[in-house]
Amino acid sequence: MIDLYQSQRAMRNMRGAAMQRGVIAILDVGTSKIACLVLRFDGPERYRETDGVGSLAGQSAFRVIGAATTRSRGVRFGEIEAMQETERAIRTALQAAQKMANVRVDHVIACISGANPRSYGLAGEIELHDTVVTEQDVARVLASCEVPQFGEGREVLHAQPVNFALDHRSGLGDPRGQIGNRLACDMHLLTIDTDAVENLLYCIKRCDMELAGIASSAYVSGVSTLVEDEQELGAACIDMGGGSTGISIFIKKHMIYADSVRMGGDHVTADISKGLQVPLATAERIKTFYGGVVATGMDDRERIEIGGDTGDWEHDRRTVSRSELIGIMRPRVEEILEEVRTRLDGAGFEHLPSQQIVLTGGASQIPGLDGLAPKILGQQVRIGRPLRVQGLPQAATGSAFASCVGLSLFAAHPQDEWWDFEMPMDRYPARSLKRAMKWFRDNW
Amino acid sequence: MQQVGADNPRRDPAPSRLSYRVQRLWLTPLFRKLVRVGLPAFSVVFFGGWYLSEPATQQAIRDQIAEIRRSVAERPEFMVKLMAIDGASGELADDIREVLPVDLPLSSFDLDLDAMKAVVEELDAVAAVDLRIRPGGILQLKVTERIPAVVWRNRGILEMLDATGRRVAGLSMRSVRSDLPLIVGDGADAAVPEALDLIAAAEPLEPRLRGLVRMGERRWDVVLDRDQRILLPEDRPVAALERVIALDAAQDILTRDLAAVDMRAAARPTLRLAPQALEELRKIKAMESGDAEE
């Protein structure tokens, strides 16, 4: 755990360095597209036109100065499968974004959507030395959490303290300075496969970039898509991507659960391709132009040319009705949503006070999804789009860019994680010079 | 999986690693500034310096500059064709033409008026000179001549001096400038103003005045005809001379047979008789004292 603490801390320092330099890149390596944004941080005053609270309640400390999207290659289920291909795709996106921003960027914050995320709820409890909770006590209680055996080849991605309890008062956001005897905390730990992270790291390093942070795509989509009261009262964000569908559950502005379903829009495309005997590119085109999940009488009469270039007139002049297409798409979408439902049930989503579900991501743009989803996920479903951030091109404001925007917000205001707190004294190696220094600093 | 190592017929939109790095380097502000400002500036300085450091180039540039200057300077507007000398007598004007080393016509750019002024002012007879180039290509010299005030004879050489004692010109014969008073003796030129004061004071003696003699480079003798001398003291000689003139006016002493009036000691003016007068005086004294000897 110490190693993890150090490496995550190093990434935080890198982020600090990037903030000082003022530019940072955001990289979303997805299954269907790779998006890169270049953010410039100038402080909140720079772009404020009027007095008072700035736009986005101060979230607009940054401005998007470069944006680029490229078709993803070599990625399946949100995991990198062909390194060279992916590296080239990442390079394309990074270069285009830097070119648009006209600035060289050295630090990148990336998000990862697949890699089998798994959530753990951790609890820790300590007796306070003093009656007043100090920063050291917070560190100690975080360190006292029982770390589960998440197995070999897993890496901790997020470790966020979710809740503090002092004696019998629970639900404290910040216990420092409060008086009590026993301090307890709940921590949400998210682990993913190490291989996936390492592959991504390697690709980014090959692009001469320093990784300044890494986040789960489900989490950052939730950050950008859920509005404040949804995050407070309890909501789930379903990020329907190309190769995987991320699920994150928020309550009290903290993520308490994240998971991903290894199915997404690309599977719908593959179904169309197989069902209509057309190439994937055509299937994708048909899906985006004519796709839907709820058929009406009108759709029987609407014929879609599906084309082909075999030279066989009969084959190349095939048409299907739109209801046929919907008949292919709907089962797969239903399957995805049902899988999501299963995961939500497994996480105990029905016990939350509010059960708002927000669908986002590229696959959430299927027409009629807002009619289909309530049948499976419950009544409180809406299709969400990410926050608007300053300088983001119009083309990148759609729901497919939810995780990009969320990652920008994450870069600007990361939530406190375990490694943001100071390491407790007794965890330092014995005879550490640092410890002596700390003793001097505290006592003199 | 694609064929490893095979040429991909489809165009890859991704930049190569090299081009990616080059582009990133180009986006580095320092590098950008270096290439866009530093490199051109350096190359201009370097190649310019290298080109200029060649002696042949330097010579060519110098020749070119001289040629351009010459073509401008030799325009007829700038040529000086004539020298006009005002305020100098014919002899002095000839002298000036002789000492000024200019052979006209010459461009006014090549005339160094300050040096010419210095050369002309070195002439003894010139008190001041004013040089300018008048439109029309005329070099105008306005000369102020020194005015001779006295003639100085020293060791057989006659020279004319102005009122400050500066030499104006030599003189072949005294009779040429008999209108000027004469002063004689070593160091007389250094005391010309005093001599002029004395000559002015000796105005009543004018018909008899022969000249002033500087004695021992410190005091004056006034020499009258009949070899009479008035020996003046070193300080306040004019007052002493005026006393003698007053005495002469009262008692006509200078008309008598005196050899010298010695005023060197102010408290005790002394008369020296001529030898013949002295003899006469002795005779009279002897006659007055009775015929003791006879």
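Residues numbered from 1 in each chain as written. Chains lettered and ligands numbered in written order. Predicted model: local features only at pLDDT ≥ 70, side-chain atom pairs only at ≥ 80, totals over all residues.

**Digging into the overall build of chain A**
Per the secondary structure count, chain A includes 14 helices and 18 strands. Counting all 444 residues of chain A, 45% fall into the buried class. Nonlocal contacts in chain A, meaning residues at least 24 apart in sequence, comprise 72% of its contacts between residues at least 6 apart. (Helix = DSSP H or I, 4+ residues; strand = E, 2+ residues; numbered from the N terminus. Buried ≥ 20, exposed ≤ 12 C-beta atoms within 10 Å, placed from the backbone. Contact = placed C-beta atoms within 7 Å.)

**With respect to the environment of B:Val244**
If you trace the backbone, B:Val244 turns up in helix α7 (residues 237–251). Once you skip the residues sitting within four places of it in the chain, B:Val244 turns out to touch B:Ile230, B:Val261 and B:Met263.

**What about helix α11 (residues 322–347) of chain A?**
Since the α-helix advances by 3.6 residues per turn, residues separated by three or four positions end up pointing in the same direction. Residue and element names in this part refer to chain A. Taking 1.5 Å per residue as the helical rise, α11 with its 26 residues ought to reach 38 Å, and the 37 Å between its terminal C-alpha atoms agrees with that figure. The sharpest bend along α11 comes to roughly 25 degrees, located at Met-329, with the proline Pro-331 sitting one to four residues further on. Directly after α11, the chain includes Gly-348, whose backbone phi takes a positive value near 80 degrees. (Expected span 1.5 Å × (residues − 1). Bend = angle between axes of the 7 residues up to and from the residue.)

**Here we look at the sheet that holds strand β4 (residues 126–134) of chain B**
Residues and elements named next belong to chain B. Within the open sheet, the 3 strands sit side by side as β2-β5-β4. Their pairing is mixed. Taken across any chain shown, the strands that pair with only one partner, and hence form the sheet edges, are β2 (82–86) and β4. When the angles between neighbouring strand axes are averaged without regard to direction, this sheet yields 20 degrees. Looking at chain direction, β2 and strand β5 (residues 138–145) are connected through 5 bridges and run parallel. Bridge pairing links Ile-85 to Leu-141 in β5. Relative to the sheet, helix α5 (residues 113–121) contacts β4 and β5, its axis offset from that of β4 by approximately 150 degrees. (Pairing = 2+ DSSP bridges. Axes fitted to C-alpha atoms, helices over the stretch in contact; angles between N-to-C directions.)

**A few points about the environment of A:Asp300**
Residue and element names in this part refer to chain A. Structurally, Asp-300 can be placed in helix α9 (residues 297–301). Residues Asp-300 and Val-320, spaced 20 residues apart in sequence, show a C-alpha to C-alpha distance of 9.2 Å. Excluding residues that lie within four positions of it along the chain, Asp-300 makes contacts with Ser-321 and Ser-323.

**Comments concerning helix α12 (residues 369–377) of chain A**
All names here are of chain A. Taken as a whole, α12 has its buried residues at Leu-369, Ala-373 and Leu-377. Each buried residue of α12 sits inside an arc of 40 degrees when the element is viewed along its axis, so together they form one side. Turned more than 90 degrees away from the buried face of α12, the exposed residues are Gly-371 and Lys-375. In this structure, the buried residues of α12 make contact with α11, β17 (356–360) and β18 (381–383). In the segment just after α12, Gly-378 is the residue with positive phi, at about 105 degrees. (Arc of directions from axis to C-beta.)

**Here we look at the interface of chain B and chain A**
Chain B puts 10 residues into the contact, and the matching count from chain A is 11 residues. Split by residue class, the side of chain B that touches chain A holds 5 nonpolar, 2 polar and 3 charged. (Nonpolar A, V, L, I, M, F, W, Y, C, P; charged D, E, K, R; others polar.)

**Comments concerning the pairing of strand β10 (residues 209–215) of chain B**
All names here are of chain B. Note that strand β9 (residues 182–184) and β10 share 2 bridges and pair parallel. Residue pairing for β10: Ile-183 is matched across the bridge by Leu-212. For the handedness criterion, the β-α-β arrangement of β9, helix α6 (residues 192–201) and β10 is classed as left-handed. Pairing geometry for β10 and strand β11 (residues 219–224), over 6 bridges, is antiparallel. Of the residues in β11, the one forming a bridge with Val-213 is Asp-221. Between the end of β10 and the start of β11, which pair antiparallel, lie 3 residues, with Gly-216 showing a positive phi angle near 60 degrees. (Right-handed = clockwise from strand over helix to strand, strands pointing away.)

**As for unusual backbone geometry**
Residues and elements named next belong to chain A. The residue Lys-252 is not glycine, and still its phi comes out positive at about 50 degrees. The partly exposed category is assigned to Lys-252, around which 13 C-beta atoms lie within 10 Å. Although it is not a glycine, Gln-277 adopts a positive phi angle of roughly 55 degrees. Assignment of secondary structure puts Gln-277 in the loop between α7 (265–276) and α8 (280–290).

**Topic: the confidence of the model for chain A**
Looking at chain A as a whole, the pLDDT averages 86, with 93% of positions reaching at least 70. Within chain A, helix α14 (residues 433–443) of chain A has the poorest average pLDDT of any element, 78, and β17(A) the best, 93. (pLDDT = per-residue confidence, 0-100.)

**As for the confidence of the model for chain B**
On average, residues of chain B carry a pLDDT of 82, and 95% of them reach 70 or more. The ipTM value of the predicted complex is 0.74, and its pTM value is 0.66.

**Digging into the packing of helix α2 (residues 83–101) of chain A against helix α1 (residues 17–26) of chain B**
Geometrically, a packed helix pair is captured by the angle between its two axes and the distance between the axes. Axis separation between α2(A) and α1(B) bottoms out at 11 Å; the angle between their running directions is 25 degrees. Classified by the angle between their axes, α2(A) and α1(B) sit roughly parallel to one another. Read as a crossing pair, α2(A) and α1(B) show a hand that is left-handed. For the pair formed by α2(A) and α1(B), the contact residues are A:Arg91, A:Gln95, A:Gln98 and A:Lys99 on the first element and B:Tyr20, B:Gln23 and B:Arg24 on the second. Looking at the contact of α2(A) with α1(B) residue by residue, the class counts come to 1 nonpolar, 3 polar and 3 charged. (Parallel < 35°, antiparallel > 145°, perpendicular 65-115°, else oblique. Left-handed = near helix turned anticlockwise from the far one by under 90°.)

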